[in-house]
Amino acid sequence: MSKLATVYGGSGFIGRYIVRRLASEGWRVRIAVRRPNEALFAKTYGVVGQVEPCPCNVRQDSSVQNAMLGADAIVNCVGILAEAGKNTFDAVQAEAPSRIAKLAAEQGITTLVNLSAIGADPNAASHYSRSKAAGDAVVQREIPTAVILRPSIVFGPEDQFFNRFAAMTQWNGILPIVGAKTKFQPVYVDDVAKAAAMAVQGRVRAGIYELGGPEIKTFQELMEQMLTIIRRRRAIVNLPLPIAKLMGVILDTANAASMGLIPAAITRDQVRNLARDNVVASGSIGFEELGITPTALDAVLPEYLWRFRPAGQFAEIKESAQNIRS
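Just so it is clear, the model here is predicted, and its values are computed rather than measured.

A.B. asks: What is the right way to read the packing of aromatic side chains from this model?
C.D. replies: Here a ring pair, both rings aromatic, is described through the centre-centre distance and the interplanar angle of the planes. Evaluated as defined, the whole model comprises 10 aromatic pairs. Both rings, one in F155 and one in Y188, keep their centres 5.7 Å apart while their planes meet at 35 degrees; by these two values the pair is tilted. Of this pair, F155 sits in strand β7 (residues 154–155) while Y188 sits in strand β10 (residues 187–188), placing them 33 residues apart in sequence. No difference in accessibility class separates F155 from Y188, as the two residues are buried. Between F184 and F219 the ring centres are 5.7 Å apart and the planes differ by 80 degrees, which places this aromatic pair in the edge-to-face class. Here F184, found in strand β9 (residues 183–184), pairs with F219, found in helix α7 (residues 219–229); they are 35 residues apart in sequence, far enough to count as distant.

A.B. asks: Before we go on, may I ask you to explain the sheet that holds strand β4 (residues 73–76) in this structure?
C.D. replies: Two pairing modes exist for strands in a sheet, parallel and antiparallel, and in both the strands are linked by backbone hydrogen bonds. Taken in spatial order, the 7 strands of this open sheet run β3-β2-β1-β4-β5-β6-β11, and their pairing is parallel. Because the sheet does not close on itself, it has two edges, and the strands there are β3 (51–55) and β11 (207–211). Neighbour to neighbour, the strand axes of the sheet diverge by 20 degrees on average, direction disregarded. One ladder, built from 5 bridges, connects strand β1 (residues 4–8) with strand β2 (residues 28–33); its direction is parallel. Bridged to L4 within β2 is R28.

A.B. asks: How should α7 be read in this particular structure?
C.D. replies: Given 3.6 residues per turn, any residue in an α-helix points the same way as the ones three and four places further on. All of the buried residues in α7 are F219, L222, M223, Q225, M226, L227 and I229. Phi for R231, located one or two positions after α7, is positive at around 60 degrees.

A.B. asks: Would you mind going over unusual backbone geometry with me for this structure?
C.D. replies: Excluding glycine, residues mostly have negative phi values, and the peptide bonds linking residues are mostly trans. One non-glycine residue, R231, lies in the positive phi region at around 60 degrees. Structurally, R231 is set in the loop between α7 and β13 (235–239).

A.B. asks: Any chance you could explain the nonpolar core here in plain terms?
C.D. replies: Note that soluble globular proteins tend to have their nonpolar side chains buried in a common cluster. Judged by nonpolar contacts, the single largest core of 72 residues is most densely connected at F162, M223, M226 and L305. Examining the composition of this core, we find that 9 residues originate from one element, helix α6 (residues 189–200), more than from any other. Not counting residues up to four positions away in its chain, the partners in contact with L305 are F162, N163, A166, M226, I229 and I230. By size, the runner-up hydrophobic cluster in this structure holds 28 residues, among which are I74, I109, Y128 and I143.

A.B. asks: Any chance you could explain the pattern of salt bridges here in plain terms?
C.D. replies: Think of it this way: side chains of opposite charge can pair up when their charged atoms draw near. By the definition in use, this model includes 7 salt bridges. Salt-bridge contacts for R21 lead to D190; the nearest nitrogen and oxygen are separated by 3.0 Å. Here D190 lies in helix α6 and R21 lies in helix α1 (residues 13–24), a separation of 169 residues in the sequence. We classify R21 as partly exposed; its relative accessible area is 23%. The partner of D252 in a salt bridge is R268, and the shortest N-O contact between them spans 2.9 Å. Placement of D252 in helix α8 (residues 241–257) and of R268 in helix α9 (residues 268–274) is noted, with a sequence separation of 16 residues between them. The class for D252 is buried, based on a relative accessible area of 19%.

Parameters and conventions
Residues numbered from 1 in each chain as written. Predicted model: local features only at pLDDT ≥ 70, side-chain atom pairs only at ≥ 80, totals over all residues. Heavy atoms only, no water. Phe/Tyr/Trp six-rings, centres within 6.5 Å; stacked < 30°, edge-to-face > 60°. Helix = DSSP H or I, 4+ residues; strand = E, 2+ residues; numbered from the N terminus. Buried < 20%, exposed > 50% of the residue type's maximum accessible area, 1.4 Å probe, protein only. Pairing = 2+ DSSP bridges. Axes fitted to C-alpha atoms, helices over the stretch in contact; angles between N-to-C directions. Core = buried A, V, L, I, M, F, W, Y, C linked by side-chain atoms within 4.5 Å. Contact = heavy atoms within 4.5 Å. Salt bridge = Lys/Arg side-chain N within 4 Å of Asp/Glu carboxyl O.

The values are spatial; any link to function lies outside them.
Structural data, given as structure tokens:
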């Protein structure tokens, strides 16, 4: 019988790519998610019965334990960008990985891959980064053979970065950003999934891997590249950090007072993250050691951002017609 991998958060942005890769390589995959009905699409990644969603609340021991019964390997992709109710950074990104690792160790599971993030640091100003570091530390302590993957900002068809800002250009003549000079090293989601699949199959030695793409660009440069691809001209306005922090305080307060009904476009913690470069640290191990050649932005962005162009899928045809007339 083929081996079984439990992927916590396997229906999320990065998780679904990991599930697809594992299924294509013959693994049975159990997707542990809060709402299995919303993960049914992932069953098509394999043959009948190969990929199955199951209910799981990563804040509960019994739920986490049931999801890993009989598993040969575990991947944890659970993470949040902003806190909401009981899903705090500590609960989701520190306590949940710790719970998964401890219960896995009790069951004798030694293959564990934990998705973290570049910038994870117990001394970081950002609560998000501190919680990631706390989870990583316990995972490594409980399962010394674990592999920790720390990607920079991840891009792909379902991302919440380029899609979000491209959507903003459709109704606004300006594009406001925070941290225009902050550097990023965007990494393609399937490259991260490939690294995770290699780790699950035992082809990666234990340790922390920082994953960044082939290009390092500032936030403003990334937005300029995006605007070029979607054929729109917008004024990029950088909000000074003090103003952004004040906005974060106001929006956090409004979100809390409305019990989540008023969404926070930006939080104080996100502002703290945006004040710090998000690139692979010098001397760290990453794609080169894995034998993976990271994918460039231009090779992927046009494939899913075309829908934000004024002429949508007909943009290139329209441009070609104009060239003929001229």
